[in-house]
Amino acid sequence: MRQTEAARAAARVEAGRDTDGTADASRRRLLLGAGALGLAGLAGCAARPARRPPGPGAGPAMPPSGAGQGAVAAAPVPALRAGAQIAIVAPASAAPGAADRAAIWLASRGFAPVVMPAARTRMPAPFDYLAGPDAARLQDLHAAFSDPAIGAVWCLQGGFGSWRLLDQVDYGLLRANPKPFIGYSDITALHLAIQRHAGFVTFHGPMPAQDGLGDAPDAGSEPELWAMLGGQMGQGSWIEPPADSPPVALAPGVATGRLVGGNLALIGALTGSRHAIDTRDAILFIEDVNEAIPRIDRLLSQLRAAGKFAGLKGVLAGRFSRLLGQGSDDESAQAALYPLLQAHFQPLGIPVLANWPSGHIEPNLTLPLGATVTLDTARAALRLEQAVTLAGAPAGEGGGA
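Description of the structure in this document. (Residues numbered from 1 in each chain as written. Predicted model: local features only at pLDDT ≥ 70, side-chain atom pairs only at ≥ 80, totals over all residues. Heavy atoms only, no water.)

Re the sheet that holds strand S6 (residues 202–204)
Item 1. Here we have six strands laid out as an open sheet, ordered S3-S2-S4-S5-S6-S13, and mixed in their pairing. With one partner strand each, in any of the chains shown, strand S3 (112–115) and strand S13 (367–369) form the two edges of the open sheet. Taking the axes of each pair of neighbouring strands and ignoring which way they run, one obtains an average angle of 25° across the sheet.
Item 2. Across the sheet, helix H6 (residues 188–197) touches strand S5 (181–183), S6 and S13, and the angle it forms with S6 is around 155°. (Pairing = 2+ DSSP bridges. Helix = DSSP H or I, 4+ residues; strand = E, 2+ residues; numbered from the N terminus. Axes fitted to C-alpha atoms, helices over the stretch in contact; angles between N-to-C directions. Contact = heavy atoms within 4.5 Å.)

Remarks on the pattern of salt bridges
Item 1. Applying the stated criterion to the full structure yields 12 salt bridges.
Item 2. Arg 109 serves as the salt-bridge partner of Glu 222, at 2.8 Å between the closest nitrogen and oxygen. Placement of the pair is Glu 222 in helix H7 (residues 222–230) and Arg 109 in the loop between helix H3 (98–108) and S3, with a sequence separation of 113 residues.
Item 3. On the basis of relative accessible area, Arg 109 is assigned to the partly exposed category, the value being 32%. (Salt bridge = Lys/Arg side-chain N within 4 Å of Asp/Glu carboxyl O. Buried < 20%, exposed > 50% of the residue type's maximum accessible area, 1.4 Å probe, protein only.)

With respect to the sheet that holds strand S7 (residues 238–239)
Item 1. Pairing within the open sheet is mixed, and its eight strands lie in the order S7-S15-S14-S9-S10-S11-S12-S8. Edge strands, defined here as strands with exactly one partner in the open sheet, are S7 and strand S8 (248–251).
Item 2. Sheet analysis places strand S9 (residues 254–263) next to strand S10 (residues 282–289), joined by six bridges and oriented parallel. By the bridge assignment for S10, Asn 263 is matched with Glu 287.

Observations regarding the packing of helix H9 (residues 293–305) against helix H11 (residues 338–345)
Describing two packed helices takes the angle between their axes plus the distance from one axis to the other.
Item 1. Close contact between H9 and H11 brings their axes to 11 Å; oriented N to C, the two are set at 15°. Comparing their axes, H11 and H9 come out roughly parallel. The handedness of the crossing between H9 and H11 comes out as right-handed. Residue-level inspection shows Ile 293, Ile 296, Asp 297, Leu 300, Ser 301 and Arg 304 of H9 in contact with H11, the latter providing Leu 340, Leu 341, His 344 and Phe 345. (Parallel < 35°, antiparallel > 145°, perpendicular 65-115°, else oblique. Left-handed = near helix turned anticlockwise from the far one by under 90°.)

Description of the nonpolar core
Item 1. In terms of nonpolar packing, the biggest core is built from 105 residues, with Ile 286 and Leu 341 touching the most fellow members.
Item 2. Sort the elements by how many residues they give to this core and H3 lands first, with six residues.
Item 3. Setting aside residues no more than four positions away along its own chain, Ile 286 makes contact with Gly 262, Leu 264, Ile 267, Leu 300, Leu 316, Ala 317, Gly 318, Phe 320, Leu 341 and Phe 345. (Core = buried A, V, L, I, M, F, W, Y, C linked by side-chain atoms within 4.5 Å.)

Considering the packing of aromatic side chains
Item 1. Here the structure, examined in full by the defined rule, presents nine aromatic pairs.
Item 2. Considering the side-chain rings of Phe 111 and Trp 226, the 5.0 Å spacing of their centres and the 20° angle between planes classify their relative orientation as stacked. Separated by 115 residues along the polypeptide, Phe 111 in the loop between H3 and S3 and Trp 226 in helix H7 bring together distant segments of the chain. As far as the burial class goes, Phe 111 and Trp 226 line up, both buried.
Item 3. Measuring from centroid to centroid gives 6.2 Å for Phe 145 and Phe 200, while their planes differ by 50°, and the two rings are tilted. Linking Phe 145 in helix H4 (residues 134–146) with Phe 200 in the loop between H6 and S6, this pair joins segments that are 55 residues apart in sequence. The pair Phe 145 / Phe 200 is uniform in exposure class, with both members buried.
Item 4. Taken together, the ring pairs connect Trp 105, Phe 111, Trp 154 and Trp 226 into an aromatic cluster.
Item 5. Its end group placed over the ring of Trp 238, Arg 379 keeps NZ or CZ at 3.9 Å from the ring centre. (Phe/Tyr/Trp six-rings, centres within 6.5 Å; stacked < 30°, edge-to-face > 60°. Lys NZ or Arg CZ within 6 Å of the ring centre and 35° of its normal.)

Some points on the environment of Thr 372
Item 1. Considering the arrangement of structural elements, one finds Thr 372 in strand S14 (residues 372–376).
Item 2. By relative accessible area, Thr 372 is classed as buried at 19%.
Item 3. Sequence spacing of Thr 372 and Ala 73 is 299 residues, and the spatial spacing of their C-alpha atoms is 6.0 Å.
Item 4. Excluding its chain neighbours within four sequence positions, the residues that come into contact with Thr 372 are Ala 73, Thr 256, Gly 257, Arg 258, Arg 383, Leu 384, Glu 385 and Gln 386.

Regarding unusual backbone geometry
Item 1. Here the amide bond leading from Ala 125 into Pro 126 is cis, since omega sits at 10°, within 30 degrees of zero.
Item 2. Within the secondary structure, Pro 126 sits in the loop between S3 and H4.
Item 3. Look at the link from Glu 362 to Pro 363: it is a cis peptide, with omega at -5°.
Item 4. Here Pro 363 lies in the loop between strand S12 (352–356) and S13.
Item 5. Despite not being glycine, Asp 281 shows a phi value in the positive range, around 55°.
Item 6. Following the sequence through the fold, Asp 281 ends up in the loop between helix H8 (264–270) and S10.
Item 7. Among the residues examined, Asp 281 registers a relative accessible area of 39% and is labelled partly exposed.
Item 8. Even without being glycine, Asn 355 reaches a positive phi, approximately 60°.
Item 9. Inspection of the secondary structure assignment puts Asn 355 in strand S12.

Side note on H9
Item 1. For H9, which comprises 13 residues, the first-to-last C-alpha distance of 18 Å matches the rise-based estimate of 18 Å (1.5 Å per residue) to within 8%.
Item 2. Taken together, the buried positions of H9 are Ile 293, Ile 296, Leu 299, Leu 300 and Leu 303. With its buried residues spanning 120° around the axis, H9 presents them on a single face. Opposite the packed face of H9, turned more than 90 degrees from it, sit the exposed residues Pro 294, Arg 298 and Ala 305.
Item 3. Packed against the buried residues of H9 are H8, S10, strand S11 (314–321) and H11.
Item 4. After H9 finishes, the residue Gly 307 shows a positive phi value of roughly 80°. (Expected span 1.5 Å × (residues − 1). Arc of directions from axis to C-beta.)

That is the geometry; function is a separate question.
Written out as structure tokens, the structure is:
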């Protein structure tokens, strides 16, 4: 409740003109409003820096949910140059030693890793799910984007906490310094916010501390990852799963739209906020881990009730790994989810492709979020309808730190 709303409620009590005709009911609403304001203040103070006024490069104020240019395809970002510096950031959680293992892995691929400070830290309990204070994680993100020597910003892992940064991110700074941003899971919060407020393509892809990249590289994910980031996959290219990871067509068809989405729980959590997903004329991608089918039903019902199914062109359902209540994590467990997906999406008359190998699995194919793609269920693949990186404008070169 805003301050003005609380004041109006107080005035109604004083004048005895509340809508139900009783001052007692008015006082109850006034107290509830005051309580809400108090709780909001406490939430904003927990490990969170004060919001600064916009400065140079901050850009216009963030639009409210559902406003702005959300239906426009995202702009491509500069391609990643061979040997470039890559910043390792931890906007959510961080495991001890994970950042240094990630740096070793990136160096083995010929890049110059730059481990940002918060990626090596961890908050004490009860905030030990965060890789450092909000202010430190935010500063790392801003520093990685603003440094012209950095060619890409790679999230160390997901976990929890990216959503705590969304209201503090300088989207004008990011908009002025676009570059490949890679991650998934909890990083979905940043994907949604960057596309809504900064307007460039981001990459739902594997993370060093979460996908075995630091110790045992996932060979199935790497070729497509580097080809997409480096500009070798452009308009007209197909994103196709390996033969041993075939998707399943639940509703046949071909559809073209902006590819949006990520982790279903995070999409649901941001619904109703100014960072909420924009699904107009979109191909919706969803995936999750450690969820039960009833909870997935509830999340999808939430999106439908919020109007997020209106205007959808198609659905790409990734793997829902470790489904709770299933005796295994194999194809039969995924098949248990298909009737629910059909119940939600078939009435829309749009193509639905399930069991797509992206998310909390290996391989974890990279997806260019915000880009215009064509979903073809017969081919069980996605075709890029625009450039997602610009090979003629590579970002990042020079030595690492």
